[in-house]
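# Topology and contacts: notes
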Amino acid sequence: MQRQLDVESDQIRKLALIQRRIDAERRLAESSDPIDMEALESGFVKAARSYSDRRGISYKAWREMGVAAAVLGKSGIARTRG
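A few points on the structure. Nothing here was measured: the structure is a model prediction, and the numbers come from that model.

## Points about the pattern of salt bridges
Tallied over the entire structure, the rule returns 6 salt bridges. One salt bridge connects D23 with R26, and the closest N-O pair in it is separated by 4.0 Å. Taken together, the residues span about one helical turn, with D23 and R26 both in helix α1 (residues 2-30) at a distance of 3 residues. Taking the relative accessible area as the measure of exposure, R26 reaches 41% and is therefore partly exposed. Among the charged side chains, a salt-bridge network with shared partners connects D23, R26 and E30.

Next up, the structure:
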């Protein structure tokens, strides 16, 4: 019974995350403000290593999310991490 509740909870969480992504994509598409990718990358580089350490996020997980290897290198996140 608990396993079924966990699966249902995971599915509800997944559904909510999908909707959040859809909403964010819509807001981004509607936005007329230019995106400063250099500033975003710089902020990521500054924060990613400590965030990864705290959350146990591996190099491989970041790569699967689409983060470029060069950006991870700048962040100090090594390939040997998981």
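Once the structure has been displayed, the description carries forward.
## As for the packing of aromatic side chains
As enumerated under the stated definition, the model contains 2 aromatic pairs in all. Ring geometry for F44 versus W62: centroids 5.1 Å apart, planes at 90°, classification edge-to-face. With a gap of 18 residues between them, F44 in helix α2 (residues 37-55) and W62 in helix α3 (residues 59-64) connect regions that are remote in the sequence. A relative accessible area of 13% places W62 in the buried class. Grouping aromatic residues by their ring pairs yields a cluster made of F44, Y51 and W62.

## What to know about the nonpolar core
Formed by A48, Y59, W62, V67, V71, L72 and I77, the largest nonpolar core amounts to 7 residues. Breaking this core down by element, the ones donating at least two residues are α3 and α4 (69-75). Aside from chain neighbours lying at most four places away, what touches V67 is F44, W62 and L72.

Conventions we followed
- Residues numbered from 1 in each chain as written.
- Predicted model: local features only at pLDDT ≥ 70, side-chain atom pairs only at ≥ 80, totals over all residues.
- Heavy atoms only, no water.
- Salt bridge = Lys/Arg side-chain N within 4 Å of Asp/Glu carboxyl O.
- Helix = DSSP H or I, 4+ residues; strand = E, 2+ residues; numbered from the N terminus.
- Buried < 20%, exposed > 50% of the residue type's maximum accessible area, 1.4 Å probe, protein only.
- Phe/Tyr/Trp six-rings, centres within 6.5 Å; stacked < 30°, edge-to-face > 60°.
- Core = buried A, V, L, I, M, F, W, Y, C linked by side-chain atoms within 4.5 Å.
- Contact = heavy atoms within 4.5 Å.

Remember that the coordinates give geometry; whether it matters functionally is a separate question.
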